[in-house]
Amino acid sequence: MFALRKVSTPLLLGMAAYAAAAHAEPDKGDVAAGTVLQGTAPPGVIVSPGEPDEIVVTADRYGEAKVAAESEFDEAEIASHGADDIQDLLAELTPFIGNGDEELVILINGKPAGFDRSVLSYPTEALQRLAVLKPEAAAQYGEPAGKRVVNLVLKKHFSMLNADAGIDFATAGGQYGGTLAATRTAISGDTRWNAQARLGADSAFRKTARDIPPRDGVFDSVGFISGLEGGEIDPALSLAAGEPVSVAAIPAGALSVPPSLGDFAATANTVHAVDPNRFETLQSSRRNASLSIGVTRPLGDFSASLNFNASRSSSDGLRGLPMASLVIPVGSPWSPFADDILLTRPFAGERALRTANDASSLRASLTINGNIGSWQTNLGMTYSRNWSSNLLENGIDIARVQQLIDAGDPRFNPYGPWDDGLLLAARRRTQGENLGARFNVRKTIIDLPAGPLVWNVTVNTSRNRSTSRNGDSSGDYADAVSVARQQTNGQMSLSLPISRRDETGQGWLGDLSLDLNASAQTMTNSRPQERFGGNVNWSPWPVVQLRGSIDYAEAAPSFDQLDAPIVTTVNRIFDYTRQEVAEPVWITGGNPDLRRGSRQSLSLAATVRPLDGQMLTLNLAYRQSVAKGGVAGFPELTPAIEAAFPERVTRDADGRLVAIDARPINIARDTDAELSSGLTLRLGQGRRGGGGKPAAEPLQFSLSVNHRWRLKSELLTRSGVPAIDQLSGGGQSRHTLTLQASAGKRGIGATLNGHWSSPGHLVGGGANGDDAFRFKPPIVLNVSAFVEPDHLFAGSKGKSLLSDVKISVDIQNIFNGYRRVTLGDGRVPAGYSRDEIDPLGRTMRLTVRKRF
């Protein structure tokens, strides 16, 4: 809302005309008092008389939300960040929004976006402004308390076609990738549409690209024979070769017919050793493609948004060269020797073990906003289908091959090509579908002296079905296993204003409001869960905002936590027990055995803006939560975690890690408490020149510094075992400091962000359980910059190759830092060299965007 006051009587007609202009052209922002226009007031604009020589004109600001904004970013400030689309912009503004890891609630022109996420791919040039609403806004839009709400106000008229191409690479070499994208966006009043196609690919990152010790073992690309005890194979072979023979490569002729003594004499003492790092990847190659289309248009008194998304992604990695050591007994049709021999060979030349993942998805959604009488309503419906397949080859089925050799079947050639059925492999195919709906209604029950009493009701329902089939290396699949679950939840909230300052800023209590919420949820095979909480928002003075909230929730596992597709990959981790690097099979996906739990949380926060406005903001917050029986992701495998979940860890006879089941787990109790503080500084926004007109391309500067102090973090994995103090001997950092500084204007700008964590230590590692690992995280600094030549050389005439072009560069980990690890005596443990901890290191990305 904006209002104009104290205008002389002769201007009454002009002020009504002013209101009409303000209603028709709100993109221009607030107009200075005293502006004279001719016309009459349109509907929705209030022209009310005050004193004899005074008139008050009030009109809704275009795209304004029902809850006041805590801070705003105008076009100039948005442009100074150089983000290509709204999603990137929101990521860059995270320190100023304060959402942390929480998903944002999105409004578009003051209306809930619902399932419509196509707006996130709009170019930032489509934004007139971005408003971060006050913390109490979430409850008024039917969302859980604590979520931040962002209102994206789009321009009334906008059209843009742009294409961008980007390349990224590790500065040390070994890995590179790229993206191509084309986006078309058009806005005409309340009608808008957007389409985007995107392609991306990343190369495989092989071990040979870094100085990483190879794994133990013998690796040969052809194969060879040797004596069982490692000495001379056969005196007859040595006689034929004219020298003692301890090894002999597999002759080429042996691939099809039984070899003779002379064939092996020709390859005596010859091997074809290879570097095993050639056949292993630290990062799989990846490919992805996506298409999204979104359309929004009025339907009578309502607005409807229809969205369609399709995506496909795949990855392929190498797990090493599979080798087999087999005994060929004397008398075998494939052995010309007088004694048993040992055959050491790869599965098929230089064919490496593979890991592959493929996923596709289709999603459609419909969102309808509008008023039914005095009820503000939002209805969203979504349907999605997904398909995934997974392959993990583990090695050669040596037991089966040895059986075939011992059987003496002349049709099985131990030297020749082998069928893929002799590989140990796991395959899995999964198909899933989800149907969901969300209905939200909001109504002002009564207008109290302090503001409207708002009642909000939200109902969500969804049905999820997944079907999976397990297969083997031969491609045979078992019968399908299907799981279907349905979930329904309802939430009711009440926003009660208690006190409000008057127009002069006076008020005994200041601004004081209370939000109360309660919800219930049911899921298939689970009893109902309840949730309730309350929030108090108090601003005793205009520059101070105090908030407090308490929340209790009974929580059941989500669809994904229960039934997500099982994915098997290979992860490179450090085995604290053996003090060595391991590459176990890493199993992720849903865990149908998860149980429900509960969580209690308390938060207190204070915000101070001492300089009146958005220039300087100081934040201080305390948060505490206690989860009992809740669901958590599988934590880092420390000795304490392995002792608590021994069934999740598989080791071979020598104690080496083979597999880790890293699916979600239930935790008996998880207690966390932290104190966070922050400072944000914004200079340049709203700067105006002479006559109240905006200054030409003002320089924008912003700074954000945030500190997180973890006061307590205790994990009780199971009843009857000691709690794990993750901050004292659990390996985690107690303090975290983040910084972001940006400077720029339309056409050029740069951003620097950094991250630092305090040292930590882990006790209980090592074979004797008495070694302490000390972790020293690096100071990680990243920098990004952009330039638009058109704006820098505005005086140049005519079109050129650089017209409507933006060039961006992003460098991650400028100083190539990595987490340093030492033992208690200062030694660096095996597996913690520079290339083993962070082999990728510093990366750089260059993007060119062209507007047509």
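See the structure shown above.
What you see is a predicted model, and the numbers here were worked out from it, not measured in a lab.

Draft legend 1. Up close: the overall build of the protein. Counting its secondary structure elements, the protein contains 12 helices and 48 strands. Taken across its 852 residues, the protein has 45% of its residues classed as buried. For the protein, restricting intrachain contacts to residue pairs at least 6 apart in sequence, the fraction spanning at least 24 positions comes to 70%. Total accessible area on the protein is roughly 40,600 Å²; 57% of this is exposed by carbon and sulfur atoms.

Draft legend 2. Expanded view of the pattern of salt bridges. Applying the stated criterion across every chain yields a total of 40 salt bridges. The partner of R287 in a salt bridge is D316, with the nearest N and O atoms 2.4 Å apart. Of the two residues, R287 is situated in strand 16 (residues 285–299) and D316 in strand 17 (residues 302–318); the sequence distance between them amounts to 29 residues. Taking the relative accessible area as the measure of exposure, R287 reaches 34% and is therefore partly exposed.

Draft legend 3. Structural detail: the nonpolar core. I225, I233, V401, Y415 and W418 are the most contacted members of the largest nonpolar core, which has 27 residues in total. Of all the secondary structure elements, the ones that give two or more residues to this core are helix 7 (261–265), strand 18 (323–328), strand 19 (341–346) and helix 8 (398–406). Per element, the largest residue contribution to this core is 3 residues, and it comes from strand 18. Every residue in contact with Y415, bar those within four places of it in the chain, is listed here: I225, I250, A254, L255, P259, F264, I328, W334, I341, L343 and R345. By size, the runner-up hydrophobic cluster in this structure holds 26 residues, among which are F73, I78, I86 and L120.

Draft legend 4. View of unusual backbone geometry. Look at N109: it is not a glycine, yet its phi comes out positive at around 55 degrees. Within the secondary structure, N109 is located in the loop between strand 5 (105–108) and strand 6 (111–112). Residue class for N109 comes out buried when judged on its relative accessible area of 18%. The backbone of D804 sits at a positive phi, close to 55 degrees, despite the residue not being glycine. Turning to its location among the elements, D804 is positioned in the loop between helix 11 (789–792) and strand 46 (805–812).

Draft legend 5. Local environment of empty space enclosed by the protein. Inspection of the entire model under this criterion finds 4 cavities of 30 Å³ or more. Taken as a whole, the largest cavity spans an internal volume of roughly 40 Å³. Taken together, I328, S332, W334, L404, I405, G408, D409, F412 and P414 form the lining of the largest cavity. Split into classes, the residues belonging to the lining of the largest cavity amount to 6 nonpolar, 2 polar and 1 charged.

Draft legend 6. Quick peek at the sheet that holds strand 28 (residues 567–570). Ordered by their spatial adjacency, 4 strands build an open sheet running 28-31-36-35, and the pairing between neighbours is mixed. In this open sheet, the two edge strands, each paired with only one partner strand, are strand 28 and strand 35 (649–651). Neighbour-to-neighbour, the strand axes of the sheet open up by a mean angle of 15 degrees, direction not taken into account. Judged from the 3 bridges that link them, strand 31 (residues 585–588) and strand 36 (residues 657–661) form a sheet pairing that is parallel. Along strand 36, the bridge assignment pairs I587 with D661.

Draft legend 7. The sheet that holds strand 6, seen in detail. Strand order in the open sheet formed by 5 strands is 4-7-8-5-6, with mixed pairing between adjacent strands. Among the strands making up the open sheet, the edge pair consists of strand 4 (69–74) and strand 6. In terms of strand pairing, strand 5 meets strand 6 through 2 bridges, oriented antiparallel. Within the sheet, the bridge partner assigned to I108 lies in strand 6 and is K111.

Draft legend 8. How the structure looks around the packing of aromatic side chains. Under the criterion given, the structure shown has 14 aromatic pairs. Relative to Y415, the ring of W334 has its centre 6.5 Å away and its plane inclined at 70 degrees; by these criteria the two rings are edge-to-face. Here W334 is found in the loop between strand 18 and strand 19, whereas its partner Y415 is found in the loop between helix 8 and strand 22 (423–448), with 81 residues between them in sequence. Aromatic pair F574 and Y576: ring centres 5.3 Å apart, planes at 70 degrees, arrangement edge-to-face. Looking at F574, the relative accessible area reads 9%, which means it is buried. The structure contains a cluster of three or more aromatic residues connected by ring pairs, namely F574, Y576, F773, F775 and Y832. A cation over an aromatic ring shows up here: R345 above the ring of W418, its NZ or CZ 3.8 Å from the ring centre.

Draft legend 9. Molecular detail of the environment of R345. Here R345 is to be found in strand 19. Spatially, the C-alpha atoms of R345 and L326 are 8.5 Å apart, while their sequence positions differ by 19 residues. Dropping the residues within four chain positions of it, R345 is found in contact with V222, G223, I250, P322, M323, A324, P414, Y415, G416 and W418. Within the local environment of R345, its side chain forms a polar contact with the backbone oxygen of P414, the two atoms lying 2.8 Å apart.

Draft legend 10. A look at the pairing of strand 16. By the bridge criterion, 11 bridges tie strand 11 (residues 191–202) to strand 16 in an arrangement that is antiparallel. Looking across to strand 16, one finds that A201 is bridged to R287. Bridge count for strand 16 against strand 17 is 15 bridges, and the pairing is antiparallel. Across the sheet, residue A289 finds its bridge partner in strand 17, namely R312. Between the antiparallel neighbours strand 16 and strand 17 lie 2 residues, among them G300 with a positive phi of about 65 degrees.

Parameters and conventions
Residues numbered from 1 in each chain as written. Predicted model: local features only at pLDDT ≥ 70, side-chain atom pairs only at ≥ 80, totals over all residues. Heavy atoms only, no water. Helix = DSSP H or I, 4+ residues; strand = E, 2+ residues; numbered from the N terminus. Buried < 20%, exposed > 50% of the residue type's maximum accessible area, 1.4 Å probe, protein only. Contact = heavy atoms within 4.5 Å. Areas by Shrake-Rupley, 256 points an atom, 1.4 Å probe, with all protein chains shown as cover. Salt bridge = Lys/Arg side-chain N within 4 Å of Asp/Glu carboxyl O. Core = buried A, V, L, I, M, F, W, Y, C linked by side-chain atoms within 4.5 Å. 1 Å grid on protein atoms, 1.4 Å probe; cavity = no way out; pocket = protein on both sides within 12 Å on 5 of 7 lines; lining within 4 Å. Points joined across faces, edges and corners; volume = space filled by probe spheres on them. Nonpolar A, V, L, I, M, F, W, Y, C, P; charged D, E, K, R; others polar. Pairing = 2+ DSSP bridges. Axes fitted to C-alpha atoms, helices over the stretch in contact; angles between N-to-C directions. Phe/Tyr/Trp six-rings, centres within 6.5 Å; stacked < 30°, edge-to-face > 60°. Lys NZ or Arg CZ within 6 Å of the ring centre and 35° of its normal. Polar contact = N/O pair within 3.5 Å; in protein donor to acceptor, adjacent residues only side chain to side chain.

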